[in-house]
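Below are the chains, spelled out letter by letter.
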Amino acid sequence: MIRINENFTKLKASYLFSDIARRVSSYVAANPTKPVIRLGIGDVTEPLPPVCVEALHAGADEMARRETFKGYGPEQGYAFLREAIAQHDYTARGCAIQADEIFVSDGSKCDCGNIQEIFAADIRLAIPDPVYPVYVDTNVMAGRTGANVDGRYQGITYLESTPENGYVPGVPNAAADLIYLCFPNNPTGAVATKAQLTEWVRYAKKNHAVVLFDSAYEAYIRNPEIPHSIYEIEGAREVAIEFRSFSKTAGFTGTRCAYTVVPKSLMGYDAAGNAHSLHALWTRRHTTKFNGVAYPIQKAAAAIYTDAGKQQTRALIDFYLANARLIREAMTKLGFKCIGGDNAPYIWVNTGRDSWEFFDLLLNQAQVVCTPGAGFGKCGEGHVRISAFNSRENVETALQRIAQALK
Ligand code: MLT
């Protein structure tokens, strides 16, 4: 009799965004004449920047000729992309990250989910609440938690993001070995200052811990005081791994390309206390389980770093940020306290009501999909997340419908 990994039975039946998609599909099936506007999952709607499309075509043409055809590429990504990332995302910001510390992949979701494999089964976890559900779910699958009791898994230190702390949790009193941080935050849109990140780096050093820093939304930061990378903080090379994605930066949610930075100076320890390079462990894992991102896709990603690419991606992000401003203004006008939307594509709305009830209300009365805060953790209750990823017309229509429904 084949036995299952019983840790999976501790999880909620389905992944948050699949659950929402199912509810929306059944609403649409029951109400075919009522067009729904989706401001739920953070999926981009605008086409790829022209430089990326040109590079995709050129890459495809190279694959069509024997002389330029490519089979397996390096698992960690082609040098041209890793070098462009190191130069433009790190060296230009004063961060000492080298090209061979960058691992190109097909998405930050996979990397954030897979990275826990290189750590021991009995490490102590600290995970924000609310937060992107992948961090918690993948550790539950790996057996690092107990059961879910009253909306919380036993064995996790939850870092609470609340109106009281401006949705940016401070370091806990308890010691943790692996800390997940996400800034600009998904779902709240909150950003962390240099001083706040410095506290985390100090905490990690003191506890010989590792910070997993998800900065998939860094391109949305407009406040010049806010760090884009954890490596802008002194000492972070010794304590942090960083995840970045082209999904929200350049509309690659369907194209798939991202990267993870594992500095060579970052160490983990075996039971006997011997130090091991996490870069070496992740290289071993990545080369064993991954065969690289398609060549034309990597060409398209590299095009983002050209002058034209930088201009085009900035314009794309400005477009979504203008949507975000409209959403935040409209929800504030309706009397809700909101954060996010200024350095992030998400607006976190404090509704003061049950978040699934509010989700149902917007779906049924306004035909607008948002994401219920409770889906991101217990502290998300009483909130919903509204995403700025849609056309201007749809955002404007959605806001009119919401205002009407909440009258
Ligand atoms: C979200 O809506 O939180 C994101 O789209 C999820 C993701 O990036 O995987």
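About the criteria used
- Residues numbered from 1 in each chain as written.
- Predicted model: local features only at pLDDT ≥ 70, side-chain atom pairs only at ≥ 80, totals over all residues.
- Heavy atoms only, no water.
- Pairing = 2+ DSSP bridges.
- Helix = DSSP H or I, 4+ residues; strand = E, 2+ residues; numbered from the N terminus.
- Expected span 1.5 Å × (residues − 1).
- Buried < 20%, exposed > 50% of the residue type's maximum accessible area, 1.4 Å probe, protein only.
- Arc of directions from axis to C-beta.
- Contact = heavy atoms within 4.5 Å.
- Axes fitted to C-alpha atoms, helices over the stretch in contact; angles between N-to-C directions.
- Near = heavy atom within 4 Å.
- Polar contact = N/O pair within 3.5 Å; in protein donor to acceptor, adjacent residues only side chain to side chain.
- Areas by Shrake-Rupley, 256 points an atom, 1.4 Å probe, with all protein chains shown as cover.
- Nonpolar A, V, L, I, M, F, W, Y, C, P; charged D, E, K, R; others polar.
- Domains from an automatic or database assignment.
- Buried area = accessible area lost by both parts, 1.4 Å probe.
- Salt bridge = Lys/Arg side-chain N within 4 Å of Asp/Glu carboxyl O.
- Core = buried A, V, L, I, M, F, W, Y, C linked by side-chain atoms within 4.5 Å.
- Phe/Tyr/Trp six-rings, centres within 6.5 Å; stacked < 30°, edge-to-face > 60°.
- Lys NZ or Arg CZ within 6 Å of the ring centre and 35° of its normal.

(A) Main features of the sheet that holds strand β13 (residues 337-340). Across the sheet, which stays open at both edges, the 4 strands sit in the order β13-β14-β17-β16 with antiparallel pairing between neighbours. Of all strands in the sheet, those with a lone pairing partner are β13 and β16 (371-372), marking the two edges. Here β16 runs beside strand β17 (residues 383-387); their pairing, made up of 2 bridges, is antiparallel. Considered in β17, the bridge of T371 is made with R385.

(B) Highlighting helix α6 (residues 194-207). Here α6 is 14 residues long and its end C-alpha atoms lie 20 Å apart, about the 20 Å a rise of 1.5 Å per residue gives. Of all the positions in α6, only L197, W200, V201, Y203 and A204 are classed as buried. Along the long axis of α6, the arc covered by the buried residues comes to 160°, so they all point the same way. The outward face of α6, more than 90 degrees from its buried face, is lined by the exposed residues A195, R202 and K206. On its buried face, α6 sits against β6 (156-160), β7 (178-182) and β8 (210-214).

(C) Quick peek at the sheet that holds β6. Judged by pairing direction, the sheet is mixed, and its 7 strands sit side by side in the order β2-β10-β9-β8-β7-β3-β6 without closing on themselves. The sheet is open, and its two edges are formed by β2 (102-105) and β6, each paired on a single side. Geometrically, the sheet is characterised by an average inter-axis angle of 20° between neighbouring strands, direction not taken into account.

(D) Expanded view of the site of the ligand. Surrounding the ligand, one finds F17, I41, G42, Y132, N186, Y217, K248, Y346 and R385. K248 is positioned with one of its side-chain polar atoms (N or O) 3.0 Å from an oxygen atom of the ligand. At a separation of 2.7 Å, an oxygen atom of the ligand approaches a polar side-chain atom of R385. Isolated, the ligand exposes 260 Å² of accessible area, and the fraction of that covered by the protein chains is 84%. Considering only residue class, the shell around the ligand consists of 5 nonpolar, 2 polar and 2 charged. The two domains that each donate at least three residues to the shell around the ligand are domain 1 (6-47 + 308-405) and domain 2 (53-306).

(E) Inspection of the domain arrangement of the protein at higher detail. By the assigned domains, the protein splits into domain 1 (6-47 + 308-405) and domain 2 (53-306). Each partner contributes residues to the interface: domain 1 has 38 residues there, and domain 2 has 48 residues. Approximately 3,500 Å² of surface area, both sides summed, lies buried where domain 1 meets domain 2, with 60% of it carried by carbon and sulfur atoms. Connecting domain 1 to domain 2 are 2 salt bridges. At the junction of domain 1 and domain 2, the tally comes to 19 residue pairs in polar contact (both at pLDDT 80 or more). Among the elements that take part in the side of domain 1 that touches domain 2, helix α10 (residues 307-333) stands out by supplying 10 residues, more than any other. When the residues that make up the side of domain 1 that touches domain 2 are grouped by side-chain class, the tally is 18 nonpolar, 11 polar and 9 charged.

(F) Region of the structure containing the nonpolar core. With 83 residues, the main nonpolar core has L81, I85, I179, Y231, F246, F252 and C257 as its most contacted residues. Excluding residues that lie within four positions of it along the chain, I85 makes contacts with Y90, I102, V104, F246, Y259 and Y305. Counting residues in each nonpolar core, the second largest holds 29 residues, with I123, V136, C182 and L266 among its members.

(G) Here's a closer look at the packing of aromatic side chains. Applying the stated criterion to the full structure yields 21 aromatic pairs. Geometrically, the ring pair formed by F17 and F376 is edge-to-face, given 6.2 Å between the ring centres and 65° between the ring planes. Of the two residues, F17 sits in helix α1 (residues 16-30) while F376 sits in the loop between β16 and β17, which places them 359 residues apart along the sequence. Given the relative accessible area of 4%, F376 is considered buried. Every member of this aromatic cluster is reached through a ring pair, and the members are Y90, Y231, F246, F252, Y259 and Y305. For R152, the ring lying beneath its charged end belongs to Y158, and the centroid distance is 4.4 Å. One cation-aromatic arrangement involves R385 over Y346; the distance from NZ or CZ to the ring centre is 3.8 Å.

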